[in-house]
Amino acid sequence: QVQLVESGGGLVQAGGSLRLSCASSGLTFSNYVIGWFRQAPGKERDFVAAISRSGGNTYDADSVKGRFTISRDNAKNTVYLQINSLKPEDTAVYYCAAALLWSPTTPHNGIGLWGKGTLVTVSS
């Protein structure tokens, strides 16, 4: 069974922090670029951040630069998203995704596998 499973979401007050995890199984994890996306109710799914296969390069959406940090531990087959200074506008279901070939110029293209998502709710 090849899958990605997100965890770490929950209810947090504005200004707080969360660390989301994306655990993989059934795939050669280091072969994949891993990204985070988010989708608020009634809104389109937006790109958040991505990390290269070895972890040497990261790519962040302008809306989250300075607050969100993506990292990966290939030995644990896991990618993380550290979220600081949370705002109510960050409320969304957060999804991780895997791509063998990916470009930051077209971040929604090439996704081969999606997780089911974890809900982040930020109260004001």
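Residues numbered from 1 in each chain as written. Predicted model: local features only at pLDDT ≥ 70, side-chain atom pairs only at ≥ 80, totals over all residues. Heavy atoms only, no water.

## Some thoughts on the overall build of the protein
Under the convention used in this document: Per the convention used, a helix needs a DSSP run of H or I reaching at least four residues, while a strand needs a run of E reaching at least two, with both numbered from the N terminus. All radius of gyration figures rest on C-alpha atoms, and the globule criterion is 2.2 Å times the number of residues raised to 0.38. Remark: exposure states derive from per-residue accessible area (1.4 Å probe, protein chains only) relative to the maximum for the residue type, with buried under 20%, exposed over 50%, and partly exposed in between. Throughout, a residue-residue contact means that at least one pair of heavy atoms, one from each residue, lies within 4.5 Å. In short, Shrake-Rupley with a 1.4 Å probe defines the accessible areas, and a residue's cover is counted only from the protein chains shown. Residues scored as charged are limited to Lys and Arg (positive) and Asp and Glu (negative), so that His and the chain ends carry no count. To locate a charge, the coordinates of NZ of Lys, CZ of Arg, CG of Asp or CD of Glu are taken.
The helix and strand tally for the protein stands at zero helices and eleven strands. For the protein, whose C-alpha radius of gyration is 13 Å, the value lies close to the compact-globule estimate of 14 Å for 124 residues. Once the C-alpha set of the protein is aligned to its principal axes, its extents read approximately 40 × 30 × 25 Å. Across the 124 residues that make up the protein, the buried fraction comes to 41%. Excluding contacts between residues fewer than 6 apart, the proportion of contacts in the protein whose partners are at least 24 apart in sequence is 58%. When the accessible area of the protein is evaluated, it comes to approximately 6400 Å², of which 47% is carbon and sulfur surface. Side chains of the protein carry 11 positive and 8 negative charges; the gap between the two charge centres is 5 Å.

## Overview of the state of the cysteines
Operational definition: We call a pair of cysteine sulfur atoms a disulfide when they lie within 2.5 Å.
Per the stated rule, a full pass over the model turns up one disulfide. One disulfide in the model links Cys22 with Cys96; its S-S distance is 2.1 Å. On the S-S bond that ties Cys22 to Cys96, the torsion sits near 70°, and the link is right-handed. Note that Cys22 is positioned in strand 3 (residues 18-25) and Cys96 in strand 9 (residues 92-99), a separation of 74 residues in sequence. Exposure class is identical for Cys22 and Cys96. Each is buried.

## So, the pairing of strand 9
Worth spelling out the cut-off: Here, any two strands with at least 2 DSSP bridges between them count as paired.
The buried fraction of strand 9 amounts to seven of the eight residues, a majority that puts the element mostly inside the structure. The pairing of strand 4 (residues 33-39) with strand 9 spans seven bridges and is classified as antiparallel. When the sheet's bridge partners are listed, Phe37 is paired in strand 9 with Tyr95. With three bridges connecting them, strand 9 and strand 11 (residues 118-123) associate as antiparallel partners. The residue of strand 11 that forms the bridge with Ala92 is Val120. One ladder, built from two bridges, connects strand 9 with strand 10 (residues 113-114); its direction is antiparallel. In the sheet register, Ala98 faces strand 10, and the bridge partner there is Leu113.

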